[in-house]
Amino acid sequence: MAIDYKDTVFLPKTDFPMRAGLPKKEPELLAYWADLELFSRQRAESAGRPPFVLHDGPPYANGHLHIGHALNKILKDVISRSQQMMGKDSNYVPGWDCHGLPIEWKIEEQYRADGQNKDDVPILEFRNECREFAAKWIDIQSEEFQRLGVIGNWHDPYTTMAYGAEAQIAREIAKFAMNGGLYRGARPVLWSVVEKTALADAEVEYEDHVSPSIYVRFPVVSGADRALDGAAIVIWTTTPWTIPGNRAIAVGAELDYVRIRVEVVNEKSRVQVGDELVIAKALRESACQEMGIEGSEDVALLRGEDIVGSVCVHPLHAKGFDHEVPVFAGDFVTIDQGTGFVHIAPSHGEDDFHLGRAHDLSVPDMVNEVGCYFEHVPLFAGMAVLTPDGDEGEANGAVMSVLEGENALLGRRRLEHSYPHSWRSKAPLIFRNTSQWFISMKTNDLRDKALTAISETRFVPSQGQTRLRSMIETRPDWCISRQRAWGVPIPIFVHKQTGELLRDQAVFDRIAEAFAAEGGDSWFASPPSRFLGNDYDAEEYEQVRDIVDVWFDSGSTHAFVLEDRDDLQWPASLYLEGSDQHRGWFHSSLLESCGTRGRAPYDAVLTHGFVMAEDGRKMSKSRGTDVSPQETVESLGADILRIWVVSSDYSEDLRLGPEILKHQSDLYRRIRNTLRFLLGNLDGFEDSERVPVVEMPELERWVLHRIHAMDALVRQTTDDFEFHTQWTALHNFCAVELSAFYFDIRKDALYCDSVDSVRRRAARTVLDALFSYLTAWLAPILCFTAEEAWLARRSGSDVDSVHLRTFPDVPNTWRDDALANKWEKVRNLRRVVTGALEIERAEKRIGSSLQAAPTVYVDGETAAAMTGLDLAEICITSGGTLVEAAPPDSAFRLSDVEALAVEPALAEGEKCARCWQVLPDVGASDYPDVCGRCAAAINGRQGSAD
RNA sequence: AGUCAUGUAGCUCAGUAGGUAGAGCACUCGACCGAUAAUCGAGAUGUCGUAGGUUCGAUCCCUACCGUGACUACCA
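None of these values were measured; they are calculated from a predicted model. (Residues numbered from 1 in each chain as written. Chains lettered and ligands numbered in written order. Predicted model: local features only at pLDDT ≥ 70, side-chain atom pairs only at ≥ 80, totals over all residues. Heavy atoms only, no water.)

Close to RNA strand B lie 64 residues; Tyr206, Thr237, Asp653, Arg676 and Trp916 are nearest. Across the atoms of RNA strand B situated within 4 Å of the protein, the share located in sugar and phosphate is 73%. In the environment of RNA strand B, a phosphate oxygen lies 2.9 Å from a nitrogen or oxygen atom belonging to the side chain of Lys618. Side-chain polar atom of Lys844 to a phosphate oxygen of RNA strand B: 2.8 Å apart, as the coordinates give it. Mapped by element, the contributors of at least two residues to the surface near RNA strand B are β9 (232-237), β16 (341-344), β17 (409-422), α12 (463-474), α21 (658-681), α23 (723-752) and α26 (817-842). Of all the elements, α23 adds the most residues to the surface near RNA strand B, at 11 residues. (Near = heavy atom within 4 Å. Polar contact = N/O pair within 3.5 Å; in protein donor to acceptor, adjacent residues only side chain to side chain. Helix = DSSP H or I, 4+ residues; strand = E, 2+ residues; numbered from the N terminus.)

Printed below as a string of structure tokens:
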């Protein structure tokens, strides 16, 4: 008897599953793209479009990816893809940083594990092992990046160890050699005794360290002021081993000092009653306490400037350190601690070096590369400051005991303070005078050029500009030499007799040629004559054996990637890295490029923050708060991780953890179901169904207006790299405007109207548009899901991948501000009706809103807005009456909408068995339990719903 | 140690020429049972980091402090 009308209703139909199964689906899509050769097709199809070159900052090729890599590469990918869809030719070439200490260190460890000393391994063999190690990790990381959905030229990435790259890096060094920017300088650098190399700033970490803290007496032999005669200046240091290198004392010219006569000392004190010492007034108390002085008398007060020009003798002058020790003014002298006098050893400190240089002090070579005093150093020759393992050597103790013997040691204790350490071996470092190669910040106005370049670069967020500028303003010359094995050789020759750097382009050309053919190895494998040619006698030249700082490698990527590849462009449109790269890649690239090409290698720089755990603190394995990208992808899918990237504000630190990932999964489901609804309701859609915009109901035209606005927002936020705003807007559009409003209203027409209904056809026309726009807008973010949806509906003529599309144009005629305004009022009315129905529901008078037929009292404005609209349709009721009149007091109102009121009522009639509306005309036609519309729909149905 | 950021509902984020705050999600309750491990609706939720100050009034301005992060320095 009862007909099952379900078969006559046009219910959504699609193979696009509600449950995504991303961990399984994503690899299938990756395989599909591989078959399609998607990246090549993108390049081919976008040939001639304006280029967008996001130049990849190379990750270091060791170890699996961590979440920071994932953030970085996903953000790059979203930008690269969205620029592509904005109509650019967005060609992304990933790269890797291959040389340098971390890899070298790993290989050394392997040798150590085998009981071998790496110094015994032939350098070419060693370098080859490093190369293979890097190659192995490049393959692994490449896989892991691709699994995240990152699209790019993975078939032909760049690496800093490619022969071509090594050759170009050599050419870049040669440019600095030829233009005079490169020079050999003797200066103290932070030196690792363990790794036997100078370290770059970026390779230094500061850790707490216990050092001896000593007070040392420097007797005045020639006071600049009579008040100094016969007294001794007291210095304080935490590095006793630098005392042999002492050449001066610094005093704060503006500080107050006092000459005291010691009256009372405790039993442990090394000071004699009657000693006369000069110290800073402000530090008198603390210094006296440290030296065990319990009573003293002021002899004289002095200003620092009165002391400048005095001369002391070295505390070990009787033991072979017989040079004078002049007192200079130093603006770095503070009264935080110590004595207000700083002992100056020009070989062992930055301040010391500069002060010494200003006063023509000698910069003696005191300590060799393994941290032992040179043979020429009296008393201490051969003693170690630090052992080869980084432990404290005998030097400090020896110096202190000799000082003590000379009655120069006035106090000693242990002090824990922050001290530089190697990032790699974690061993303490020392300042050591060495011969190193530098790029001058002054020659060729490098600093000025760099500063100008910064002001001409777009920074996102803008604070980055200030940050980079202040770094460039104050940084010293760039020390580019490393006494290591795994890197690009600094390919230069020095004339043995004159010390002159050989500047001959022909020589450099031969070197680059060799590197291009055989890599940097050829520098070590070939006789110097191969490069010097016939014009020079190899015997007369020293071949430099240093390698170049890896920051110079990566700082040159713009040369061997952007300039070298025909399908790229110099300068890059964008560099994008974590904010730590202000002192890293952004910095080195800028200097390298300004020094050789006079401008930055990038038009814009974007920085992102770091990934923190959910509690806002650093991720920590031991606390279990670290998130592995591999595990996340395997359990949830890369698209979830990609949502996380765009839903976070990358200009600050980002948080990530289980709860946040769950949140992203929820957001994902909403988007996925929106796509599924579109697909299900577009089943069988054909072009012939389309309804022209002018014939569409207002509701459809309102959706088109919203599409127009979303399009503008998507494009704007893409240009501004504001993906968080974009994602939020997209999600709200799907959740609030489509799902909760438009779809909800139109389900009735889509399911129940007859196939030829203009209303239904118009809705399907709009759903088709929504599908087109949404898949495009989502494609840069949800690269997998957007593709899955696209392919679910692709017919023969459609393009093979959503990623071969661009954001579709939106006709300007879709914009209709007046309509949008009108519909603001309509939606407001709907809110009130919904509120009224909720009461009815709570009172159990209705369940479904289709049981209701409310009377709505409106003001003139709202009445005008509702002209021509069907109240019941919009409110999803079965009926309703609009009355422009004052409502009865009993009517339902919302507190914030005074002009509207609703008097609920039950709809009259029977429930239609097909559309479930309660209507008076149910049973009026051939079908006893069906309304007139549905009867017509059933009769007119042409087997569409099977 | 210093500098600079940052601290708004459980989560991601908005916001306020200074008048005690919002959106989505999550949560709870309800409806539907033809987007169904969906969909719709309603609701509660916050001393706007802490303590002072300026002000009639501060989440928004000032100061200090605390937490977190990044950077810089290393200082003898």
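From this point, things continue past the structure.
Another point: α26. In this model, α26 (26 residues) spans 37 Å end to end at C-alpha, consistent with the 38 Å of a helix rising 1.5 Å per residue. Looking one or two residues beyond α26, the residue adopting positive phi is Lys844, at roughly 65°. (Expected span 1.5 Å × (residues − 1).)

On to the pairing of strand β6 (residues 182-192). Counting buried positions along β6 gives 8 out of 11 residues, so the element sits mostly inside the fold. As paired elements, β6 and strand β7 (residues 197-198) share 2 bridges and run antiparallel to each other. Bridged to Ser192 within β7 is Thr197. Hairpin connection, β6 to β7: the antiparallel pair is bridged by 4 residues, and Lys196 has positive phi, about 55°. (Buried < 20%, exposed > 50% of the residue type's maximum accessible area, 1.4 Å probe, protein only. Pairing = 2+ DSSP bridges.)

So, about the side chain of His582. Tracing the chain through its elements places His582 in the loop between β25 (574-578) and α18 (585-597). We classify His582 as buried; its relative accessible area is 1%. A polar atom in the side chain of His582 sits 2.8 Å from the backbone oxygen of Ser579. Not counting the four nearest positions on each side in its chain, His582 is found in contact with Gly464, Arg467, Leu468, Met471, His587 and Thr607. (Contact = heavy atoms within 4.5 Å.)

It is worth spelling out unusual backbone geometry at this point. At the junction of Val460 and Pro461, the peptide bond is cis and its omega measures out at -5° in the coordinates. Among the secondary structure elements, Pro461 is positioned in the loop between β19 (458-460) and α12. If you check the backbone angles, Asp360 has positive phi at about 60° while not being a glycine. Its place among the elements puts Asp360 in the loop between α9 (350-358) and α10 (395-405). Of note, the phi angle at Asn407 is positive, near 65°, even though the residue is not glycine. Within the element layout of this structure, Asn407 appears in the loop between α10 and β17.

The relative placement of two packed helices is expressed as an angle between their axes plus a distance between the axes. Packing of helix α3 (residues 67-85) against helix α20 (residues 638-647) brings their axes to within 10 Å, and their N-to-C directions diverge by 80°. As the angle between them shows, α3 and α20 are arranged roughly perpendicular. Each of Ile67, Ala70, Leu71, Ile74, Leu75, Asp77, Val78 and Arg81 in α3 lies in contact with α20, whose residues at this interface are Leu641, Arg642, Trp644, Val645 and Val646. Among the residues forming the contact of α3 with α20, the class breakdown is 10 nonpolar, no polar and 3 charged. (Axes fitted to C-alpha atoms, helices over the stretch in contact; angles between N-to-C directions. Parallel < 35°, antiparallel > 145°, perpendicular 65-115°, else oblique. Nonpolar A, V, L, I, M, F, W, Y, C, P; charged D, E, K, R; others polar.)

Right, let's talk about the packing of α21 against helix α24 (residues 758-778) for a bit. For the pair α21 and α24, interaxial distance at closest approach is 9 Å and the crossing angle is 140°. At the point where α21 passes α24, the crossing takes the left-handed sense. For the pair formed by α21 and α24, the contact residues are Ile671, Thr674, Leu675, Leu678, Leu679 and Asn681 on the first element and Arg764, Leu767, Leu770, Phe771, Leu774, Thr775 and Leu778 on the second. (Left-handed = near helix turned anticlockwise from the far one by under 90°.)

Read from one edge of the open sheet, 4 strands run β30-β29-β32-β31, paired in mixed fashion. Because the sheet does not close on itself, it has two edges, and the strands there are β30 (881-883) and β31 (892-894). Taking the axes of each pair of neighbouring strands and ignoring which way they run, one obtains an average angle of 25° across the sheet. With 3 bridges connecting them, strand β29 (residues 855-857) and β30 associate as parallel partners. Across the sheet, residue Thr855 finds its bridge partner in β30, namely Thr881. α26 contacts β29, β30, β31 and β32 (897-903) of the sheet and is inclined by roughly 45° relative to β32.

Ranked by size, the top nonpolar core spans 156 residues in total, and within it Leu641, Ile707, Tyr742, Leu770 and Trp777 carry the most contacts. Counting residues per element, this core draws most heavily on α23, at 14 residues. Each residue touching Ile707, except ones within four places of it in the same chain, is listed here: Phe733, Ala769, Leu770, Tyr773, Trp777, Val810 and Trp814. (Core = buried A, V, L, I, M, F, W, Y, C linked by side-chain atoms within 4.5 Å.)

Okay, the packing of aromatic side chains next. Going through the model one piece at a time under the given rule, you end up with 26 aromatic pairs. Geometrically, the ring pair formed by Phe321 and Phe380 is tilted, given 6.2 Å between the ring centres and 35° between the ring planes. Taken as a pair, Phe321 in the loop between β14 (311-313) and β15 (324-329) and Phe380 in the loop between α9 and α10 lie far apart in primary sequence, 59 residues in all. Taking 5.2 Å as the distance between ring centres and 55° as the angle between the ring planes, the aromatic pair formed by Phe493 and Trp523 counts as tilted. One end of the pair, Phe493, is in strand β22 (residues 493-495); the other, Trp523, is in helix α14 (residues 521-525), with 30 residues separating them in the sequence. On the basis of relative accessibility, which here comes to 0%, the residue Trp523 falls in the buried class. Joined through ring pairs, the aromatic side chains of Phe733, Tyr773, Trp777 and Trp814 make up one cluster. Its guanidinium or amino end placed over the ring of Phe16, Arg672 lies 4.1 Å from that ring's centre, counting from NZ or CZ. (Phe/Tyr/Trp six-rings, centres within 6.5 Å; stacked < 30°, edge-to-face > 60°. Lys NZ or Arg CZ within 6 Å of the ring centre and 35° of its normal.)

Let us now look at the pairing of strand β10 (residues 248-251). Here β10 shows no split at all, with Ala248 and Ala250 on one side and Ile249 and Val251 on the other all buried. Looking at chain direction, β10 and β16 are connected through 4 bridges and run antiparallel. The partner of Ala248 across the bridge, within β16, is Ile344. In terms of strand pairing, β10 meets β15 through 3 bridges, oriented parallel. From the neighbouring strand, Ile249 faces β15, where its bridge partner is Val327.

Glancing now at the pattern of salt bridges. Counted according to the given criterion, the structure contains 64 salt bridges. The partner of Asp156 in a salt bridge is Arg565, with the nearest N and O atoms 3.4 Å apart. Note that Asp156 is positioned in the loop between α5 (123-147) and β5 (158-159) and Arg565 in the loop between α17 (557-563) and β25, a separation of 409 residues in sequence. A relative accessible area of 15% means that Arg565 is categorised as buried. One network of salt bridges, in which partners are shared, links Glu700, Arg746, Asp748, Asp753, Arg759, Glu873 and Arg933. (Salt bridge = Lys/Arg side-chain N within 4 Å of Asp/Glu carboxyl O.)

Pairing between the strands of a sheet comes from backbone hydrogen bonds, and it takes one of two forms, parallel or antiparallel. With parallel pairing, 4 strands are arranged side by side in an open sheet as β2-β25-β26-β19. Because the sheet does not close on itself, it has two edges, and the strands there are β2 (54-55) and β19. With 4 bridges connecting them, β25 and strand β26 (residues 604-608) associate as parallel partners. Bridge assignment links Tyr575 to a residue of β26, and that residue is Val605. Running over the sheet, α3 touches β2, β25 and β26 and is turned about 155° from β25.

This brings us to the state of the cysteines. Inspection of the entire model under this criterion finds 0 disulfides. With no disulfide of its own, Cys734 lies 17 Å from the sulfur of Cys783, the closest cysteine sulfur. Left unpaired, Cys931 is separated from the closest cysteine sulfur, that of Cys934, by 3.6 Å. On the basis of relative accessibility, which here comes to 1%, the residue Cys931 falls in the buried class. (Disulfide = S-S within 2.5 Å.)

Residues at a pLDDT of 70 or more form 99% of chain A, whose mean pLDDT is 91. When mean pLDDT is taken per element in chain A, strand β3 (residues 89-90) scores highest with 98 and β7 scores lowest with 77. In this model, residues 942-946 is a region of pLDDT below 50 whose contacts with residues beyond four sequence positions or in other chains number 8 contacts. Across the whole predicted complex the pTM is 0.88, and at the interface the ipTM reaches 0.93. (pLDDT = per-residue confidence, 0-100.)

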